Amino acid sequence: MSDYDREQNSTEPHGEGYQPQGNPNSNGTYYTPPQQESTYHYSYVNQNGSSAGQPNPNQDSYQPKSSYTAQQAESTPETDGEKKPKKSKNKSKNKTGIIILVVVIVCIVVAAAGLIISAVGGSSSDGKADNGTSQSQNADSGVTVNDSEEVPTVDGEGNYTVAGVAEKCMDSCVGITVYSQQAEAYNYFYGYGYGSQGNSNGNSEPTLSGEGSGVIMSEKDGKTYIITCAHVISDGDSFKVTLNNKKEYDATMVAFDSQTDIGVLSIDETGLKVAEFADSDNLVVGEQVIAIGCPGGLEFMNSITSGYISALDRPVSSSIGYDNKCIQTDAAINPGNSGGALFNMQGQVIGINSSKIASTEYEGMGFAVPASTAVSTANSLIKAGYVEGRAKLGIQYSPITSFNNANAILNALEEKGFEDAEGTMVIASIDDESDLKNKDVQQYDMIVAVNGKTMTSTDVMTSFLADSKPGDTVKLTIARVQDNEIKTFEVECKLIESKG
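Treat the numbers as computed from the prediction; the structure is a model and nothing was measured.

S.K.: Got a minute to help me understand the overall build of the protein chain in this structure?
M.R.: When you go through the protein chain residue by residue, the secondary structure sums to seven helices and 24 strands. Taking all 500 residues of the protein chain together, the buried fraction comes to 34%. Sequence separation of at least 24 residues holds for 62% of the intrachain contacts in the protein chain that already meet a minimum separation of 6. Accessible surface, the protein chain: about 30,600 Å² in total, of which carbon and sulfur atoms supply 47%.

Given below as structure tokens:
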């Protein structure tokens, strides 16, 4: 899968159409009128009619309008010719003392009531607030920290939450370390490889060549089988499997299938947590999924990402050019996730993560081999060492587009009625057991149609073979360049079993 490296950033302050507010002044600036507030202000008025908030320069101090002083009482003119008697100074002093005493008593009562309310309504001695939530408080900062509640592992409908899937499935997920005598970079890891560039120490001891993920799929005859991706283990000479509890085992390669990108390892151990697999034919777009794997290698072993099924039956090319129908998800897939599990919210494996589009132009486009395909392939690998019942022609080929004169040949084929034949297969060699060995077919002949269908892509052939069985007969249209012109003819070929 091709990688693209282009990144686009765009920032625009204010956005398009930003205009300043208000009316322009003569100098070109803008005056913004004050907004009307709905807040109302109340003020006292002094005796001279000025606002309490605005001191009157004609008076030394402000007196409220309702104030009444002894001086005013003495200067008040007598009415009806009667002279009002003067009040006793002793009575005035006694009255003042009583008022002060009453005020003091009221203050004491209020303070006592406040202490009682604080003691009853405040925090209890066990550190729990009124709502029963346990709290701790920093005396310096005054920050209160609430103890978090227990995270639910099951929702109201009986499905696992993300935390529930992790709790149930984590022990079924493993990390895989690959060692090679002559280490090679896993730079083709479907666009997100992880590995070293080669053995530079000059000795023959295996060196680390890659890391990936795997899932414990079954147990039989004292062995536990680990399903992973073919491209994780295909170039390895020795392997180690690391469990979630960090226990490490030497592993043996059982077999791998490059067409489906599924491989199997085994370890001499039993009693481990075997994963549960779902029927991937019942998946629905929009279904929530959880990916567990080792992004970046075992340093970040069994990291969890969450997302949704974005699409089903997406054609994704394998390392041998065969297109698999994969699950597309937006759950983050990173280098090292290859071979890890994609779970549904019932904690079942629905796919084996195998690839992603690694480009700055793409985000959240990962792909997984459906569980039904992965399990049937793995079971066949364990049983026979290859995928039983798979048909093939028995040839090695190159695509027509890899030749310099491809355009001229395609134009000539179009004139003969084979339009858009970009999937034409140029035969490089023929296997000894192939039925074509006994036909009038030779190196550099071109397969331009299968059962009358033009090879618009190599998918035409791979899809036909996927629906066929060994022993079935197929009609091939062959094109040959002879005497500087293209001639076509048809041959029938009996399919043989593919064993790897």
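On we go from here.
S.K.: So what exactly am I meant to see when it comes to helix α5 (residues 371-384) here?
M.R.: Along an α-helix, residues three or four apart share an orientation, since each turn contains 3.6 residues. Its 14 residues give α5 an end-to-end C-alpha distance of 20 Å, which sits within 8% of 20 Å, the value for a rise of 1.5 Å per residue. Phi turns positive, to about 85°, at G385, one or two residues after α5.

S.K.: Would you explain the pattern of salt bridges in this entry?
M.R.: Close approach of charged atoms lets side chains of opposite charge pair. Throughout the structure, instances matching the rule amount to nine salt bridges. The salt bridge involving K437 is made with D432; its shortest N-O contact spans 3.7 Å. Overall, the relative accessible area of 44% leaves K437 in the partly exposed class. Here the salt bridges do not stand alone but share partners, grouping D440, D445 and R480 into one network.

S.K.: When you look at unusual backbone geometry in this model, what are you seeing that I'm missing?
M.R.: The phi torsion of most residues other than glycine is negative, and most of the peptide bonds are trans. Even without being a glycine, D261 presents a positive backbone phi close to 60°. Mapping D261 onto the fold places it in the loop between β9 (248-257) and β10 (262-267). For D261, a relative accessible area of 3% gives the class buried. The backbone phi angle of N451 is positive, close to 50°, even though this residue is not glycine. Looking at the element boundaries, N451 is found in the loop between β20 (446-450) and β21 (453-454).

S.K.: Which parts of the structure should I look at to understand a nonpolar patch on the surface?
M.R.: A surface patch of nonpolar side chains, about 360 Å² in accessible area, is lined by I98, V102, V106 and V110. Here V110 shows up in helix α2 (residues 89-121). Among the residues examined, V110 registers a relative accessible area of 54% and is labelled exposed.

S.K.: Would you mind showing me how to read the environment of V215 here?
M.R.: Tracing the backbone through its elements, the reader meets V215 in strand β6 (residues 207-220). Between the C-alpha atom of V215 and that of V274, which follows or precedes it by 59 residues, the distance is 8.1 Å. Setting aside residues no more than four positions away along its own chain, V215 makes contact with S172, V174, Y225, I226, I227, A275, F277, G339, G340, A341, V349 and I352.

S.K.: What exactly am I supposed to notice about the pairing of β10 here?
M.R.: In terms of residue burial, β10 counts as a mostly covered element, since six of its six residues are buried. Of the two faces of β10, the one lined by I262, V264 and S266 and the one lined by G263, L265 and I267 are each fully buried. Of the pairings in the sheet, the one linking strand β7 (residues 223-228) to β10 comprises five bridges and is antiparallel in character. Note on β10: the bridge partner recorded for I226 is L265. Of the strand pairs in this sheet, β9 and β10 are connected by five bridges, and their pairing is antiparallel. Looking at β10, one finds that D257 is bridged to I262. Hairpin connection, β9 to β10: the antiparallel pair is bridged by four residues, and D261 has positive phi, about 60°.

S.K.: Explanation requested: the pairing of β9 in the structure shown.
M.R.: Every regular strand shows the same layout, with side chains that alternate between the two sheet faces. The sheet contact formed by strand β8 (residues 238-242) and β9 spans four bridges and is antiparallel. Residue pairing for β9: K240 is matched across the bridge by D250. Connecting β8 to the antiparallel partner β9 that follows it, the hairpin turn spans five residues, and K246 within it adopts a positive phi of roughly 75°.

S.K.: Whenever I open this one, the side chain of T377 confuses me. Can you help?
M.R.: For T377, the location among the structural elements is in helix α5. Here T377 falls in the buried class, since its relative accessible area comes to 3%. Engagement of the side chain of T377 in a polar contact is seen with the backbone oxygen of T373, the distance being 2.8 Å. Ignoring anything within four residues of it in the chain, the contact list for T377 reads D257, T260, I262 and V387.

S.K.: Sorry, what's going on with helix α7 (residues 459-466) here?
M.R.: Buried within α7 we find V460, M461, T462 and L465. Check the buried side of α7 and you find it contacts β17 (391-392), β19 (425-430), β20, β21 and β22 (473-482).

S.K.: What am I meant to see in the side chain of R480 here?
M.R.: By the secondary structure assignment, R480 is in strand β22. Residue classification places R480 among the buried residues on the basis of a relative accessible area of 13%. Setting aside anything within four residues of it in sequence, one finds R480 in contact with D440, V441, Q442, D445, M446, E485, I486, K487 and F489.

S.K.: Where do I start with the sheet that holds β9 in this structure?
M.R.: Pairing between sheet strands relies on hydrogen bonds along the backbone, with the strands arranged either parallel or antiparallel. Read once around its circumference, the closed barrel built from six strands follows the order β5-β6-β7-β10-β9-β8, with strand pairing classed as antiparallel. With strand direction ignored, the average angle separating the axes of adjacent strands in the sheet is 40°. Sheet topology note: the strand β5 (residues 173-180)/β8 ladder contains five bridges and is antiparallel. By the bridge assignment, I176 is partnered in β8 with V241. Contacting β6, β7, β9 and β10, α5 runs over the sheet at an angle of about 55° to β10.

S.K.: I would appreciate a short explanation of the confidence of the model for the protein chain in the present structure.
M.R.: Residues of the protein chain with pLDDT of at least 70 account for 68%, and the chain-wide mean is 76. Low pLDDT, under 50, characterises residues 1-88; the predicted model gives this stretch 53 contacts beyond four residues in sequence or across chains.

S.K.: Any chance you could explain the environment of Q328 here in plain terms?
M.R.: Checked against the element boundaries, Q328 lands in strand β13 (residues 323-329). The class of Q328 is buried, set by a relative accessible area of 9%. Residues Q328 and V369 lie 41 residues apart in sequence; the distance between their C-alpha atoms is 9.3 Å. The contacts of Q328, once residues within four sequence positions are left out, are Y308, I309, S310, A311, R314, M365, G366 and F367. Engagement of the side chain of Q328 in a polar contact is seen with the side chain of R314, the distance being 2.7 Å.

S.K.: Would you mind going over a negative patch on the surface with me for this structure?
M.R.: Judged by side-chain charge, E414, E415, E419, D420 and E422 come together as a negatively charged surface patch. Inspection of the secondary structure puts D420 in the loop between α6 (406-415) and β19.

Cut-offs applied
- Residues numbered from 1 in each chain as written.
- Predicted model: local features only at pLDDT ≥ 70, side-chain atom pairs only at ≥ 80, totals over all residues.
- Heavy atoms only, no water.
- Helix = DSSP H or I, 4+ residues; strand = E, 2+ residues; numbered from the N terminus.
- Buried < 20%, exposed > 50% of the residue type's maximum accessible area, 1.4 Å probe, protein only.
- Contact = heavy atoms within 4.5 Å.
- Areas by Shrake-Rupley, 256 points an atom, 1.4 Å probe, with all protein chains shown as cover.
- Expected span 1.5 Å × (residues − 1).
- Salt bridge = Lys/Arg side-chain N within 4 Å of Asp/Glu carboxyl O.
- Patch = residues over 30% accessible without salt bridge, like charges linked within 9 Å, V, L, I, M, F, W, Y side chains within 5 Å.
- Pairing = 2+ DSSP bridges.
- Polar contact = N/O pair within 3.5 Å; in protein donor to acceptor, adjacent residues only side chain to side chain.
- Axes fitted to C-alpha atoms, helices over the stretch in contact; angles between N-to-C directions.
- pLDDT = per-residue confidence, 0-100.
- Lys, Arg positive; Asp, Glu negative; His and termini not counted.
- Charge placed at Lys NZ, Arg CZ, Asp CG, Glu CD.

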